[in-house]
Structure formats: structure tokens, C-alpha cells
Amino acid sequence: VVESNGFKIKAVGDPVKSDKAGIAIRKGNESLLKELNKHLADMKEDGTYKEIFVKWFGEEPQE
């Protein structure tokens, strides 16, 4: 149960859809792509990614 604007809301059934997020970079920028992938992998390993995802999207990330 989640409270929003004074109302108690309870989800029932499966979600109709789940949002996905991505990061756009300039094509051919391999050094930035490599750095982003490294930091995302580190965040997934230490749990930071999941923590941020749940905070902002209200659900656990799909693998």
C-alpha cells in the first residue's frame, strides 16, 4: 500500500506495462560508451543501480 496525496493506493494484479530507460550517446564515441558500461556494471554489482531504480520507478529493474 502506497500513500499518495492523502489516498492509500494498493496495486492489484500485474502491471499493464513497465517503463525502460536508456542513455543516448553520440555514435562512435566508444570511450564514453566503455566508461558508462563500466560504471553501470559497478552500480549493478554493489546494489546502487537497484536502489536508484526502485526509488524513481517504484519497482525492481528487469534483468
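Before reading on, note that the structure itself is shown above.
It should be emphasised that the depicted structure is a prediction, and the values quoted were computed from it without experimental measurement.

A look at the overall build of the chain
Within the chain, the secondary structure is distributed over 2 helices and 2 strands. Listing each helix as α and each strand as β along the chain from the N terminus yields β-β-α-α. Summed over all atoms, the accessible surface of the chain reaches about 6,200 Å², with 54% contributed by carbon and sulfur.

So, a nonpolar patch on the surface
On the surface, Val 2, Phe 7 and Ile 9 cluster together into a nonpolar patch covering about 320 Å² of accessible area. Inspection of the secondary structure assignment puts Ile 9 in strand 2 (residues 7–9).

Here we look at the packing of aromatic side chains
Two descriptors summarise a pair of aromatic rings, namely the distance from one centre to the other and the angle between the planes of the rings. For the coordinates displayed, the defined rule picks out 2 aromatic pairs. Centroid distance Tyr 49 to Phe 53: 5.9 Å. Interplanar angle 35 degrees. Geometry classified as tilted. Here the residue Tyr 49 and the residue Phe 53 both occupy positions in helix 2 (residues 48–57), the gap between them amounting to 4 residues, near one helical turn. The partly exposed category is assigned to Tyr 49, whose relative accessible area is 24%. The interplanar angle of 40 degrees and the centroid separation of 4.6 Å between the aromatic rings of Phe 53 and Phe 57 together place this pair among those described as tilted. Of this pair, Phe 53 and Phe 57 both sit in helix 2, separated by 4 residues, roughly a single helical turn. Judged by its relative accessible area of 10%, Phe 53 falls in the buried class.

Definitions and limits used
Residues numbered from 1 in each chain as written. Predicted model: local features only at pLDDT ≥ 70, side-chain atom pairs only at ≥ 80, totals over all residues. Heavy atoms only, no water. Helix = DSSP H or I, 4+ residues; strand = E, 2+ residues; numbered from the N terminus. Areas by Shrake-Rupley, 256 points an atom, 1.4 Å probe, with all protein chains shown as cover. Patch = residues over 30% accessible without salt bridge, like charges linked within 9 Å, V, L, I, M, F, W, Y side chains within 5 Å. Salt bridge = Lys/Arg side-chain N within 4 Å of Asp/Glu carboxyl O. Phe/Tyr/Trp six-rings, centres within 6.5 Å; stacked < 30°, edge-to-face > 60°. Buried < 20%, exposed > 50% of the residue type's maximum accessible area, 1.4 Å probe, protein only.

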